[in-house]
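Structural overview for review
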Amino acid sequence: KYSRNPLIEVHIRFTHHHQSAGLYSAVVVAFSNFITSKQQIMRPSHGIRMLGQQLIFSAALYLLATSCSLCHAETLLAGGSYIVRSPGEPSLIDIDQDVAAIRDSTNLTEIKDIYTNGKYAKPLTLQRLSTDAAHDYKGDPMYTFYKHAYLHIGLKEGEIAGEFDSNHIEQYADTLVKDLLEIDKENIAQEAILVNTIWMTVVFYLNGAAKSCRYPDVAEPYLYLDLAAGFYIGLGQDKGDDESGNMLYNLAEGISKDFNQDNGVSVVNEKILELLNDIKDNIIDKGLCSTHEENSYKKFRWNVGSIIGYMNVILVQRLIRHLLDGSDRDFMKMYALAILPQIRLCNPGAFEHMTTAFVGKIEKVDNPIDDVNLLQSVYSCLGITCEMVGEFRGRHDGCVDDTSFPDGAMPYASIDRDMLQIGVLMEMEAYDAALDLYNYGRNSLNDWRYITLKEFATNESVDTNVPLGQFINYNNDNEKPQMNEYITNAIKGENTFQSVTRTQREWAVKRSLQGTLSYYAIVEKVSNAVDLCGKAKKDQAALEWQRASALAIGSIGKATMTTETVYEEYFGQTLFTLANEMCDPFGTCTASGKAHIIDAWMDQEYRGLSFIENEECLELAQLVNTEVKPSLLVPIIQGLLHYAVINENQDETQSDTIFAGEALARTVVPLINKENPMEAFLVQENMEFAQGTKSVKDGSRNVFKAIASSLFGLSVDCSLIGRYGSLEYGDICENQESSPNDSGPQSEPETSHLAGKVLTGAALAIVFLSGLVLGCYRSRNYLECGKRMKGQVFCPSDNSFGP
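Attention now moves to the overall build of the chain. Tallying secondary structure elements over the chain gives 38 helices and 8 strands in all. Looking at the 803 residues of the chain, the share that counts as buried comes to 57%.

Cis geometry marks the peptide bond from lysine 122 to proline 123; its omega dihedral reads 5 degrees. Note on placement: proline 123 falls in the loop between α5 (108-117) and α6 (126-131).

Here we come to the pattern of salt bridges. A complete count under the given rule lists 29 salt bridges for this structure. One salt bridge in this structure joins arginine 502 and glutamate 429, with 3.9 Å as the shortest N-O distance. Placement of the pair is arginine 502 in helix α25 (residues 502-532) and glutamate 429 in the loop between α20 (415-427) and α21 (431-440), with a sequence separation of 73 residues. A cluster of three or more residues bridged by salt bridges with shared partners is formed by Asp242, Lys257 and Asp262.

In this structure the tally under the stated criterion is 6 disulfides. A sulfur-sulfur distance of 2.0 Å marks the disulfide that ties cysteine 718 to cysteine 733. Across the disulfide from cysteine 718 to cysteine 733, rotation about the S-S bond amounts to roughly 100 degrees, and the bridge is consequently right-handed. In this pair, cysteine 718 sits in helix α34 (residues 718-721) while cysteine 733 sits in helix α35 (residues 732-735), placing the two residues 15 residues apart along the sequence.

Between α20 and α21, the least distance of the axes is 8 Å, while the angle of their chain directions is 165 degrees. As judged from the angle between their axes, α20 and α21 are roughly antiparallel. Where α20 crosses over α21, the handedness of that crossing is left-handed. Residue-level contacts link Asp418, Gln421, Ile422, Leu425 and Met426 of α20 to Tyr431, Ala433, Ala434, Leu437 and Tyr438 of α21. A per-class count over the contact of α20 with α21 returns 8 nonpolar, 1 polar and 1 charged.

Here we take up the environment of threonine 458. Of note, threonine 458 is situated in the loop between α22 (453-457) and α23 (467-477). We classify threonine 458 as partly exposed; its relative accessible area is 29%. In the structure, threonine 458 is positioned 59 residues away from leucine 517 in sequence and 9.8 Å away in space, judged by C-alpha atoms.

What follows is about helix α9 (residues 172-181). Within α9, 8 of the 10 residues are buried, which leaves the element mostly enclosed by the surrounding structure. Inspection of α9 places Tyr172, Ala173, Asp174, Thr175, Leu176, Val177, Leu180 and Leu181 among the buried residues, and these make up the whole buried set.

Turning our eyes to something else, we now look at the packing of helix α8 (residues 141-156) against helix α10 (residues 188-214). Packed helices, taken two at a time, are described by the angle their axes make and the gap between the axes. Viewed as axis vectors pointing N to C, α8 and α10 meet at an angle of 140 degrees, and their least axial separation amounts to 8 Å. The angle between the axes of α8 and α10 places the two elements in the oblique class. Each of Pro141, Met142, Tyr143 and Tyr146 in α8 lies in contact with α10, whose residues at this interface are Trp199, Met200, Val203 and Asn207. Tallied by class, the residues present in the contact of α8 with α10 amount to 7 nonpolar, 1 polar and no charged.

Our focus in this paragraph is the side chain of asparagine 676. Structurally, asparagine 676 is set in the loop between α31 (658-675) and α32 (677-687). Of the polar contacts made by the side chain of asparagine 676, one reaches the backbone oxygen of serine 709; its length is 3.4 Å.

A full pass over the atoms with the stated rule returns 23 aromatic pairs. With a centroid separation of 5.0 Å and 80 degrees between ring planes, the pair formed by tyrosine 519 and tyrosine 520 is classed as edge-to-face. With 4.7 Å between their ring centres and 40 degrees between their planes, phenylalanine 659 and phenylalanine 689 make a pair best called tilted. Of this pair, phenylalanine 659 sits in helix α31 while phenylalanine 689 sits in the loop between α32 and α33 (700-714); the two residues are 30 residues apart in sequence, bridging distant segments of the chain. For the pair phenylalanine 659 and phenylalanine 689, one class covers both residues: buried. Three or more aromatic residues link up through ring pairs in this structure, and these residues are Tyr137, Tyr143, Tyr146, Tyr150, Phe164, Tyr172, Trp199, Phe204, Tyr205, Tyr224 and Phe231. Its end group placed over the ring of tyrosine 215, arginine 214 keeps NZ or CZ at 5.8 Å from the ring centre. Of note, arginine 666 hangs over the ring of tyrosine 486, and the distance from its end group to the ring centre comes to 4.2 Å.

What follows deals with helix α30 (residues 617-646). Two residues of an α-helix separated by three or four positions point the same way, owing to the 3.6 residues in each turn. Relative to the 44 Å expected for 30 residues at 1.5 Å per residue, α30 spans 43 Å between its end C-alpha atoms, a close match to the ideal helical length. Helix geometry: α30 is bent most strongly at valine 624, by close to 40 degrees.

Considering the arrangement of structural elements, one finds glycine 408 in the loop between α18 (386-389) and α19 (410-413). Along the chain, glycine 408 and asparagine 446 lie 38 residues apart, while their C-alpha atoms are 8.4 Å from each other. Once residues lying within four places of it in the same chain are set aside, the contact partners of glycine 408 are Leu543 and Arg547.

Further remarks concern the confidence of the model for the chain. When pLDDT is averaged along the chain, the result is 82; 79% of the residues meet or exceed 70. In the predicted structure, residues 1-22 sits below a pLDDT of 50 and forms 29 contacts with residues beyond four places in sequence or in another chain.

Along the chain, the position of phenylalanine 164 falls in strand β5 (residues 163-164). Taking relative accessible area as the criterion, phenylalanine 164 reaches 9% and is therefore assigned buried. Separated by 12 residues in the primary sequence, phenylalanine 164 and histidine 152 place their C-alpha atoms 8.7 Å from one another. Beyond its immediate stretch of four places on either side in the chain, phenylalanine 164 contacts Tyr150, Ile153, Glu159, Ile169, Tyr172, Thr175 and Leu176.

Parameters and conventions
Residues numbered from 1 in each chain as written. Predicted model: local features only at pLDDT ≥ 70, side-chain atom pairs only at ≥ 80, totals over all residues. Heavy atoms only, no water. Helix = DSSP H or I, 4+ residues; strand = E, 2+ residues; numbered from the N terminus. Buried < 20%, exposed > 50% of the residue type's maximum accessible area, 1.4 Å probe, protein only. Salt bridge = Lys/Arg side-chain N within 4 Å of Asp/Glu carboxyl O. Disulfide = S-S within 2.5 Å. Axes fitted to C-alpha atoms, helices over the stretch in contact; angles between N-to-C directions. Parallel < 35°, antiparallel > 145°, perpendicular 65-115°, else oblique. Left-handed = near helix turned anticlockwise from the far one by under 90°. Contact = heavy atoms within 4.5 Å. Nonpolar A, V, L, I, M, F, W, Y, C, P; charged D, E, K, R; others polar. Polar contact = N/O pair within 3.5 Å; in protein donor to acceptor, adjacent residues only side chain to side chain. Phe/Tyr/Trp six-rings, centres within 6.5 Å; stacked < 30°, edge-to-face > 60°. Lys NZ or Arg CZ within 6 Å of the ring centre and 35° of its normal. Expected span 1.5 Å × (residues − 1). Bend = angle between axes of the 7 residues up to and from the residue. pLDDT = per-residue confidence, 0-100.

Spelled out as structure tokens, the structure:
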């Protein structure tokens, strides 16, 4: 062992196995540098970089220094259920012997020593799996979600930002384990390590395996997959045996009988091994990772997501057992804390209730059945179902999977979880993970694939008669980024977003997803319903209508209807939440604080389904064009006006929300441009970010007037917008020069009355300039015309002008 002998002669026989050569080359270089420099064991920060992460240096050395790493031998886990093929990998998972030693010891001092200093897997220790995570797991999505949760739990408890229980949030698992070690109860130390430290280690290696399949030139997926399997199963585990073994596999076997899921092997372990071997046999061994084919990566990610779901089943089953048999509140808290960070980014109201019920109380559980029902209500947050969990000791508890939306619509409602989690990843500066989630999804499962936000943002429709076509054509004509490009740039910090703050990028992405993407996706769904109406496709039309509703409200929004939470504005991502945010400053809230427009949406949903059922297709089309589309714009317009006020004369160094206003303006300006190009130009010029230029430079008053003059063309009733606080010009109806019910022509916005400003009293000039404005007003390419107006006396006639 190198740790005992500083002078080591290492002989390495390279095999022709393609999965190992690249790793061995990297390890040999690092090992040679280590010997040459005659240093002591290096810190992880000096380790081998793989997949953008750092492999623990001492662990890599240990890989070489053990006899198993000097040969190409297969290692069988769980009686051959999984075959390890990466040379040296078993030496890393000797850590399961340390877990066994902790389980078997009755001496708290010895337990703490094994946890901290190790015993059988030195220099790797159980504590280092957590304390080194800040370096080794940096950027991993699940690890980032847990850090974020404990960051905000710490803040809520009055801790210094970045700390949980007076320790760094990056070491949350170590903090929890050490707290539980002090309780000194039988098996609590072992289980605390498994559900906090080992669980996250397995997830990290699973995600690493998927990432290495996407970028196979960086590292071999076999290594990460073998490590995930090894840390999950352990070396001492017999197949289906709850007496042998020390890792999560053993926990699953031990609880399976209580849920009638023991078929010789627990259902959970059977499914996890099936998914692991499917990845190995049907993706890696077939060379699909090396092809850079996205479908193989998507399948790999789907398998990984499913494995994590089954790993959550273990935690949920054990929590249910401790809830229903009242065996031990300390164990109950431990298992609750193991899953709560995932629930927080899915159902914040349930998170608050569960934190209070499972963690905050110290007395005996009063209503365990109610607590189990609460837990069951958030199964979808954990990627599990009632069937996957089963029934505890034959109790028929009436578990029902989430039915807040029809089955075919639920994936569309759940996409708001992707939106929220992208925001969290950006907040924690895990930008690669945020982009991966945007591109490939995580929460909107549909068969074996995820519905993705990128899909909604890359529709190539160019029909100018539909809103999305107007949006695409407008951006093409005026050389503006399309939806996907804008969002991607904001996530990656490129182009316009290269020199702006992290928070400004977050706002750009949030309001783009909440406003631009949501609006056009919903309009597409209701338009599909109209197209399908009356064509013997009643069920399909109804499903498209329900999917539109799911996109507008979202799973988080639906949850807040029944479970109040102070975090609604932060967590909510859909138009539903934007409407509730904006109703207060515009005075359009109900007595309960909900936006009036939401009641209108609920009524529209009901009437639309009725029209579809009765095949009243003309009525359905009229509903969509005169009510649904205009009402969806209400919170977007309110948000645009709100940011016009708060960002007036602010630059990028003074306001974090400049891009929030720009994103909402990008949603509505192309629609305004169809009937009111000059107003569209004014709104864009004032709301669009320009380096070194003050935002809303012409004043929010003129933005209000431009929007008011545009409402008729958008078919939006000004009364739905309301009045912005006590602002003198805040009443949008007073700003409107002709109401939506007025069939007369619209007046020009104040800034387009150039005649009165330039040649007051000169009739000829007035006529001339009025004609100029009219020509520009009808110009499809209004931006070019607007530029000419600024720099020239007149706009020359060309083919882009209307008649």
